[in-house]
Amino acid sequence: MIPVGEALARVCAAAPVLGAERMTLAAALGRVAAEDVVSTRTVPNAANSAMDGYALRHADLGAVPARLRIIAVEPAGAVVDATVTPGTAVKLFTGSVIPDGADTVVRVEDTEERDGGVVVRSAPARGANIRAAGEDIGPGQVVVAAGTVVGPADLGLLASVGRATLLVHRRPRVAIVSTGSELVEVDEPPGPGQVVNTNAYTLAAAAREAGADPLVLPLVRDRPEDIRERLAAAAGADVVLTSGGVSVGELDFVKEALEAIGMEPVFWRVAQKPGKPLAFGCLRGGLVFGLPGNPVSALVCFYLYVRPALRRLQGHRRLHLPVVHATLAEGVRKATGLTEFVRVRLAETREGLVATALPAQGSHVLSALGGGAALLVGPAELDRLAAGASYPVIVLGETTLARETPPF
Ligand code: AMP
Ligand code: MG
């Protein structure tokens, strides 16, 4: 049995970064860039107006109000062939190119147009309301660096420099194998002693949420040769997830089956609760996680170990879930020697975040992980977590911290 920190370090060390594929911009959202994109363009490509107004010479505003003659009108998208000379102005709009001779734009609100001329009522500073060429991007500038998690602004930047595609790391293919003779599929009512295969759903969804492409394989009974056959079929995936059959029971054949088809074991059993029986190894160039069958254990192990591996495969540099610190509302007993991931709800109070442990902490109680639950980390050496003390809490998803009240 190894400590959680060591287990996680071994998983991260074993996960390689996958190769790259070229995607259109619309399909690249959330992917990790596998190339530095260098601009050959200047953005904006010419000095232009930040306002609807008049381009003029600041020297003409020595005394305001000042009256200037309008020599041209330049809508956005058009470029007039006019030079602003003393006593003249060009009427323009947001985005219009600044004509030669002008050094300042006066916004329309500070003017009045009359008889082919404009009266400027107040003078802004010299250079006001002009956006310089290249203020956003210059030639040679890296607009998206390798390793960037591509967001909406990055996609816009790529478009602005004329790049319609981006090289990104590919998504891992994840094969999901649920084992257990007691399991039935969702459309079958479970008889006595049977349970619905929920892990296939939680794990596939969690894999998709982590950016992977899940493939759910058919259920396998607790028969060594069936398990071996199914795992051999799954082994081409970048990551194989099994659920069930990895503890020390007589019917726990998964580890043996994995070793029989060539898995190199990295560890088995982690000093944690839930999820102690977790097994991890390398299989034919991919990774394999033998997740415990209990639904909470399987999903918690996914969040803690599988998710970081999936993120590393996709080229992410930030592999781990966010952690906040919260005050525990009521004391919780725990097992000494095991790091415990207590299912809690977070509430925002004036004094900061408060974590309340959910009443049912059994590893079969999946309802305790639904609806924005979080995982409070109880250190291995403690036998109880004190009310009023502050503990790290792992945030499992955006909903955990999303606010009901507006931020302003
Ligand atoms: P195991 O790890 O195989 O000993 O299973 C532990 C517990 O998890 C048992 O109560 C199983 O019925 C349950 N379990 C195993 N696999 C699944 C699954 N795919 N979906 C839901 N529960 C499961
Ligand atoms: Mg089982």
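Our subject is the structure that appears above.
Residues numbered from 1 in each chain as written. Chains lettered and ligands numbered in written order. Predicted model: local features only at pLDDT ≥ 70, side-chain atom pairs only at ≥ 80, totals over all residues. Heavy atoms only, no water.

Trainee: Break down the packing of aromatic side chains for me, with residues and values.
Mentor: Inspection of every chain in the model, using the stated rule, returns 3 aromatic pairs. Counting every residue linked through ring pairs, the aromatic cluster contains Phe-267, Phe-280 and Phe-289. Residue placement shows Arg-269 over the ring face of Trp-268; its charged tip is 5.5 Å from the ring centre. (Phe/Tyr/Trp six-rings, centres within 6.5 Å; stacked < 30°, edge-to-face > 60°. Lys NZ or Arg CZ within 6 Å of the ring centre and 35° of its normal.)

Trainee: So what about the site of ligand 1? Which residues, and what values?
Mentor: Around ligand 1 lies a shell of 16 residues, among which Glu-182, Asn-197, Thr-198, Gly-245 and Gly-293 are the nearest. Between an oxygen atom of ligand 1 and a side-chain N or O atom of Glu-182, the distance comes to 2.6 Å. Take Asn-199: an N or O atom from its main chain is 3.3 Å from a nitrogen atom of ligand 1. Compared with its free state, where it exposes 480 Å², ligand 1 has 77% of that area covered by protein. Of the pockets mapped on this structure, ligand 1 occupies the largest pocket. Within the shell around ligand 1, the residues separate by chemical class into 4 nonpolar, 11 polar and 1 charged. (Near = heavy atom within 4 Å. Polar contact = N/O pair within 3.5 Å; in protein donor to acceptor, adjacent residues only side chain to side chain. Areas by Shrake-Rupley, 256 points an atom, 1.4 Å probe, with all protein chains shown as cover. 1 Å grid on protein atoms, 1.4 Å probe; cavity = no way out; pocket = protein on both sides within 12 Å on 5 of 7 lines; lining within 4 Å. Sits in = over half its atoms within 2 Å of the grid points. Nonpolar A, V, L, I, M, F, W, Y, C, P; charged D, E, K, R; others polar.)

Trainee: Provide a residue-level description of the sheet that holds strand β17 (residues 239-243), including the pertinent values.
Mentor: With mixed pairing, 6 strands are arranged side by side in an open sheet as β16-β13-β17-β21-β20-β18. A single partner strand is all that each edge strand has here, and the edge strands are β16 (213-216) and β18 (264-268). For this sheet the average axis-to-axis angle between neighbouring strands, irrespective of direction, equals 20 degrees. Together, β13 (173-178), β16, β17 and β21 (286-291) form the strand contacts of helix α3 (residues 199-209), whose direction differs from that of β16 by roughly 165 degrees. Where helix α4 (residues 224-234) meets the sheet, its contacts fall on β13 and β17, and the angle it forms with β13 comes to roughly 170 degrees. (Pairing = 2+ DSSP bridges. Helix = DSSP H or I, 4+ residues; strand = E, 2+ residues; numbered from the N terminus. Axes fitted to C-alpha atoms, helices over the stretch in contact; angles between N-to-C directions. Contact = heavy atoms within 4.5 Å.)

Purely spatial values, then, with no claim about function.
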